[in-house]
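Coordinates in review
Take a look at the letters that make up each chain.
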Amino acid sequence: MADDKTTPEGAAQPGTTGEGNQPVAAVAAEAKTGGAPDRPARGGNRGGGGGNRDNRGGGRDNRGGGRNNNRGGRGNNDGGEELVEKLVHINRVSKTVKGGKRFGFAALVVVGDGKGRAGFGKGKAREVPEAITKATAAAKKNMVRVPLREGRTLHHDGTGQFGAGNVTVRSAPAGTGIIAGGPMRAVFESLGVSDVVTKSNGTANPYNMIRATFAALADQSSPKSVSQRRGKKVTDLLARAGGSAAEVAADAAAVTE
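Since we're looking at a predicted model, the values are computed, not measured.

1. Quick notes on the overall build of the protein
Scanning the protein for helices and strands turns up eight helices and eight strands. Excluding contacts between residues fewer than 6 apart, the proportion of contacts in the protein whose partners are at least 24 apart in sequence is 52%. Here the protein has roughly 16,900 Å² of accessible surface; of this, 49% comes from carbon and sulfur atoms.

2. So, the packing of aromatic side chains
Applying the stated rule across the entire model yields one aromatic pair. Ring geometry for F120 versus F214: centroids 5.2 Å apart, planes at 40°, classification tilted. Of this pair, F120 sits in strand β3 (residues 117–125) while F214 sits in helix α5 (residues 206–218), and the two are 94 residues apart along the sequence. Its relative accessible area of 21% is what places F120 among the partly exposed residues.

3. Focus: the sheet that holds strand β2 (residues 100–112)
Ordered in space as β1-β2-β3-β4, the four strands form an open sheet in which the pairing is antiparallel. The strands lining the two open edges of the sheet, one partner per strand, are β1 (84–97) and β4 (144–145). Bridge count between β3 and β4: two bridges; the pairing is antiparallel. What sits directly across from R117, in β4, is R145. Packed on one face of the sheet, helix α4 (residues 183–191) meets β1, β2 and β3 and runs near 140° to β1. Those strands touched by α5 are β1, β2, β3 and β4, and its axis lies near 155° from that of β3.

4. Considerations on the confidence of the model for the protein
Interpretation of the predicted coordinates at a detailed level should be avoided for regions scoring low in pLDDT. When pLDDT is averaged along the protein, the result is 75; 60% of the residues meet or exceed 70. The low-confidence segment residues 31–36, where pLDDT is below 50, has three contacts with residues more than four positions distant or belonging to other chains. Note that residues 47–52 has pLDDT below 50 and, in this model, zero contacts with residues that lie over four places away or in other chains.

5. Digging into α5
In an α-helix there are 3.6 residues to a turn, and that puts residues three or four apart on one side. Here α5 spans 18 Å end to end across 13 residues, near enough to the 18 Å set by a 1.5 Å rise per residue. Burial analysis of α5 places 10 of its 13 residues in the buried class, which makes it a mostly covered element. Buried within α5 are the following residues: P206, Y207, N208, M209, I210, A212, T213, F214, A216 and L217. Of the residues flanking the start of α5, the one acting as N-cap is N205, its side-chain oxygen 3.1 Å from the backbone nitrogen of Y207.

6. Structural notes on unusual backbone geometry
Backbone geometry places E150, a non-glycine residue, at a positive phi of 60°. In this fold, E150 is placed in the loop between β4 and β5 (158–162). What makes E150 exposed here is its relative accessible area of 54%.

7. Here we look at the sheet that holds strand β8 (residues 196–202)
Across the sheet, four strands lie side by side as β5-β6-β8-β7; this open sheet has mixed pairing. The strands lining the two open edges of the sheet, one partner per strand, are β5 and β7 (178–179). In terms of strand pairing, β5 meets strand β6 (residues 165–171) through five bridges, oriented antiparallel. Bridge pairing in β6 places G160 opposite V167. Sitting on the sheet, α4 touches β6, β7 and β8, and the angle it makes with β8 is about 150°.

About the criteria used
Residues numbered from 1 in each chain as written. Predicted model: local features only at pLDDT ≥ 70, side-chain atom pairs only at ≥ 80, totals over all residues. Heavy atoms only, no water. Helix = DSSP H or I, 4+ residues; strand = E, 2+ residues; numbered from the N terminus. Contact = heavy atoms within 4.5 Å. Areas by Shrake-Rupley, 256 points an atom, 1.4 Å probe, with all protein chains shown as cover. Phe/Tyr/Trp six-rings, centres within 6.5 Å; stacked < 30°, edge-to-face > 60°. Buried < 20%, exposed > 50% of the residue type's maximum accessible area, 1.4 Å probe, protein only. Pairing = 2+ DSSP bridges. Axes fitted to C-alpha atoms, helices over the stretch in contact; angles between N-to-C directions. pLDDT = per-residue confidence, 0-100. Expected span 1.5 Å × (residues − 1). Polar contact = N/O pair within 3.5 Å; in protein donor to acceptor, adjacent residues only side chain to side chain.

This is how it looks when you write it as structure tokens:
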């Protein structure tokens, strides 16, 4: 009679697995160590992801640097020259809407390089700084050149008119200063004129006064341009104004534009 404790042939022994009758503890250890492919720890993956984020951050820094360089390039459109900006007038208007009033601002700005170039512009916006910025940009686009005698005064007298505004400008000897007021003074200061006498008749509207002043400056002409137009020498034109030959020669040599 067979022993009840005898196991049939091919059956697994107690405490072993069916594959080669290996102990259960050995199979579990193999599964934990070499039985499955190595997988990187989750902490390592997250650390690698952090490195990628750092790289992306560096890319953003590079893009930011590019934007700053472009903005610097836009600011150099003036050719590197220093411009004199004069705020002439600010007008505030209001519009009554549902819920209150809505305010707007209009700015009038004169811009010049102090060497014979000047222009004016106007801008409108909801805020004062933005209106001034728009007016300054418009003034830089509309700059005109005015010939100056010795770099300090006008070559000859002139008049200008726009609407109800009439202005008169006259050249002056050295030491006279700028005899002008209001918007006209801002024009001559930005233009670089140090000796001039002016008079404004009619309206006191700053817009019309500025336009009339630039109309008077547009009629200014230098002896050099007149001599080229008429086919004569500068000394021949200055000799008709009187003076000795030495004075005429000195004045002709001083004419640069």
